[in-house]
Amino acid sequence: MPLTAGIVGLPNVGKSTLFNAITKSQVEAANYPFATIQPNVGVVEVPDERVDRLTQLMTPDKTIYTTFEFTDIAGLVKGASKGEGLGNQFLSNIRLTDAICHVVRCFDDGNITHVEGTVDPIRDIEIINLELIMADLQTVENRLAKVERKAKAKEKDALFEKEVLSKVAEVLKEGKPVRSMELSEEARQLVKGFSLLTMKPVIYIANMSDEEIVDPKQNAYYKQVVQFAEAENNEVVAVCAKIEEELSELEKEEKDVFLQELGISESGLDKVIKSAYRILGLCTYFTAGVKEVRAWTFVEGMSAPECAGIIHTDFQRGFIRAEAFSFDDINTLGSEQAVKEAGKLRLEGKDYKVKDGDVLHFRFNV
């Protein structure tokens, strides 16, 4: 399964332009609210120079990068949770995403209408956050109404669920996201089952002009968003959706030259993906041989058998051991044979915690 993120924000903040750019698709991006009526899903490859290097060393028949799935959601407006604008049509589309990418307008342009009349990123963030909070509160209160009967009958599980969800409801009524709560592991697993929107980590994407993207810290709107995000322990990525759209039309070499000319080290897409990996605690391991070089995403702390199960459940069920070496070693030494001769090839058992950049070959028997 690819890493997934839902792109949300008020109308006309640059969501669809950004989506067009990062997926190289032709989603309508018009200058009026609700240009995006149906959710649009695009899958992009996650760029990784380590995959490129392994391909150079192994010369495999094929190379497969890991992927990132973006879902572009129709622009929300104040009152969406009560049916304003497109109402709750968007909710089911981002319930199952791993993270939320919240696009915020950080540029002035009299030719592009703002649904609230003025540019104010913190107001815009709070409008969207409130709609997500209200939607979650509705979900929690609906569930509480159903569990109440069982709790009155003193059913142990129902009593625990009622206690946890009552606390969640109180936090939501205070206007705070569920992710701000301190929960026990048992309570966290219970709440996770409801796919609450405010439980998901957020990346704020500050969309600014092409003149300001070179030095985002000079943008007053951007600084406001950073301050807001830091208080929430979330991340901010500065992008220029227009530049991203231009980059999407270029080949890799041309793209690198264009970025250098602009004085930008990496594309907005690359920054968003790296941010998502950080906030979700994700890493990458590789399988590499003459038939295929492939990147696999896993959660930091996973064991070798669990990582094997990402490829196929049989690999995990019949796990014997993993032959492992680091990307850094093969990058330095130049070949798998040289890695073996240098004594850098390791045999790891069931308790081994896979590390980012490991190159693995799993032995199993079912």
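Everything that follows concerns the structure shown earlier in this document.
Here's what I pulled together on the structure shown here. A quick note: this is a predicted structure, and the numbers were derived from the prediction, not measured.

**Quick notes on the overall build of the protein chain**
Line of reasoning, step 1. Scanning the protein chain from terminus to terminus reveals 14 helices and twelve strands.
Line of reasoning, step 2. Expressed as a percentage of its 366 residues, the buried residues of the protein chain come to 49%.
Line of reasoning, step 3. Long-range pairs, those at least 24 residues apart, make up 69% of the contacts in the protein chain with a sequence separation of at least 6.
Line of reasoning, step 4. Per element, the accessible surface of the protein chain, about 18,600 Å² overall, is 48% carbon and sulfur.

**What about helix H4 (residues 121–152)?**
Line of reasoning, step 1. For H4, built from 32 residues, the straight-helix expectation of 46 Å at 1.5 Å per residue is met to within 8% by its first-to-last C-alpha distance of 46 Å.
Line of reasoning, step 2. Residue lysine 146 marks the point of greatest curvature in H4, where the axis turns by about 35°.
Line of reasoning, step 3. Remark: lysine 154 follows H4 within two positions and exhibits a positive phi of approximately 65°.

**A word on the side chain of threonine 4**
Line of reasoning, step 1. Within the fold, threonine 4 resides in strand S1 (residues 3–8).
Line of reasoning, step 2. Residues in contact with threonine 4, not counting those within four places in the same chain, are Phe68, Glu69, Leu96, Thr97, Asp98 and Ala99.

**A few points about the pattern of salt bridges**
Line of reasoning, step 1. Tallied over the full model, the rule gives 19 salt bridges.
Line of reasoning, step 2. In this structure, the salt-bridge partner of glutamate 163 is lysine 167, at a minimum N-O distance of 3.5 Å. Of this pair, glutamate 163 and lysine 167 both sit in helix H5 (residues 156–173), four residues apart, which is roughly one turn of the helix.
Line of reasoning, step 3. Take glutamate 163: its relative accessible area is 43%, and that puts it in the partly exposed class.
Line of reasoning, step 4. For arginine 363, the salt bridge goes to glutamate 323, with nearest N and O atoms at 3.1 Å. Here the residue arginine 363 occupies a position in strand S12 (residues 358–364), and glutamate 323 occupies one in strand S10 (residues 319–326), the gap between them amounting to 40 residues.
Line of reasoning, step 5. The network of salt bridges with common partners includes Asp48, Arg50 and Asp356.

**Focus on unusual backbone geometry**
In terms of backbone geometry, most residues other than glycine have negative phi values and most peptide bonds are trans.
Line of reasoning, step 1. Of note in the backbone geometry, threonine 59 takes a positive phi value of approximately 40° without being a glycine.
Line of reasoning, step 2. With respect to the helices and strands, the residue threonine 59 is situated in the loop between helix H2 (49–58) and strand S3 (62–64).
Line of reasoning, step 3. By relative accessible area, which is 58% here, threonine 59 ends up exposed.
Line of reasoning, step 4. Unusually for a residue other than glycine, serine 195 sits at a positive phi of about 50°.

**A look at the packing of aromatic side chains**
Line of reasoning, step 1. Applying the stated criterion across every chain yields a total of eight aromatic pairs.
Line of reasoning, step 2. A ring pair is formed by tyrosine 285 and phenylalanine 362, whose centres lie 6.0 Å apart and whose planes are at 90°; its orientation type is edge-to-face. Taken together, the positions of tyrosine 285 in strand S8 (residues 282–288) and phenylalanine 362 in strand S12 put the pair 77 residues apart, joining distant regions of the chain. With respect to class, tyrosine 285 is no different from phenylalanine 362; both count as buried.
Line of reasoning, step 3. The rings of Tyr285, Trp296, Phe298, Phe319 and Phe362 are connected pair by pair, giving a single aromatic cluster.

**Looking at H5**
Line of reasoning, step 1. Look at H5: 26 Å from first C-alpha to last across 18 residues, which is about the 26 Å you get at 1.5 Å a residue.
Line of reasoning, step 2. Turning to H5, its buried residues number three or more, namely Ala158, Glu161, Val164, Leu165, Val168, Ala169, Val171 and Leu172. Looking down the long axis of H5, one finds its buried residues gathered within 155° of arc, a one-sided arrangement. For H5, the exposed residues lying more than 90 degrees away from the buried face are Lys156 and Lys173.
Line of reasoning, step 3. Residues of H5 that are buried make contact with H4 and helix H6 (185–192).
Line of reasoning, step 4. Positioned one or two residues after H5, glycine 175 has a phi angle of 80°, which is positive.

**A few points about a negative patch on the surface**
Line of reasoning, step 1. Judged by side-chain charge, Asp210, Glu211, Glu245, Glu246 and Glu249 come together as a negatively charged surface patch.
Line of reasoning, step 2. Following the sequence through the fold, glutamate 249 ends up in the loop between helix H8 (241–247) and helix H9 (252–262).
Line of reasoning, step 3. Residue classification places glutamate 249 among the exposed positions, given a relative accessible area of 60%.

**Considering the sheet that holds strand S7 (residues 235–239)**
Line of reasoning, step 1. Read across the sheet, six strands follow the order S2-S4-S1-S5-S6-S7 without closing on themselves; strand pairing throughout is mixed. The sheet terminates laterally at strand S2 (40–45) and S7, the two strands that pair on one side only. Pairwise comparison of adjacent strand axes, ignoring direction, gives a mean angle of 25° for this sheet.
Line of reasoning, step 2. Judged from the five bridges that link them, strand S6 (residues 202–207) and S7 form a sheet pairing that is parallel. Paired with isoleucine 205 across the bridge in S7 is valine 237.
Line of reasoning, step 3. Of the strands in this sheet, S1, strand S5 (99–105) and S6 are in contact with H4, which crosses S5 at around 145°.

About the cut-offs
- Residues numbered from 1 in each chain as written.
- Predicted model: local features only at pLDDT ≥ 70, side-chain atom pairs only at ≥ 80, totals over all residues.
- Heavy atoms only, no water.
- Helix = DSSP H or I, 4+ residues; strand = E, 2+ residues; numbered from the N terminus.
- Buried < 20%, exposed > 50% of the residue type's maximum accessible area, 1.4 Å probe, protein only.
- Contact = heavy atoms within 4.5 Å.
- Areas by Shrake-Rupley, 256 points an atom, 1.4 Å probe, with all protein chains shown as cover.
- Expected span 1.5 Å × (residues − 1).
- Bend = angle between axes of the 7 residues up to and from the residue.
- Salt bridge = Lys/Arg side-chain N within 4 Å of Asp/Glu carboxyl O.
- Phe/Tyr/Trp six-rings, centres within 6.5 Å; stacked < 30°, edge-to-face > 60°.
- Arc of directions from axis to C-beta.
- Patch = residues over 30% accessible without salt bridge, like charges linked within 9 Å, V, L, I, M, F, W, Y side chains within 5 Å.
- Lys, Arg positive; Asp, Glu negative; His and termini not counted.
- Charge placed at Lys NZ, Arg CZ, Asp CG, Glu CD.
- Pairing = 2+ DSSP bridges.
- Axes fitted to C-alpha atoms, helices over the stretch in contact; angles between N-to-C directions.

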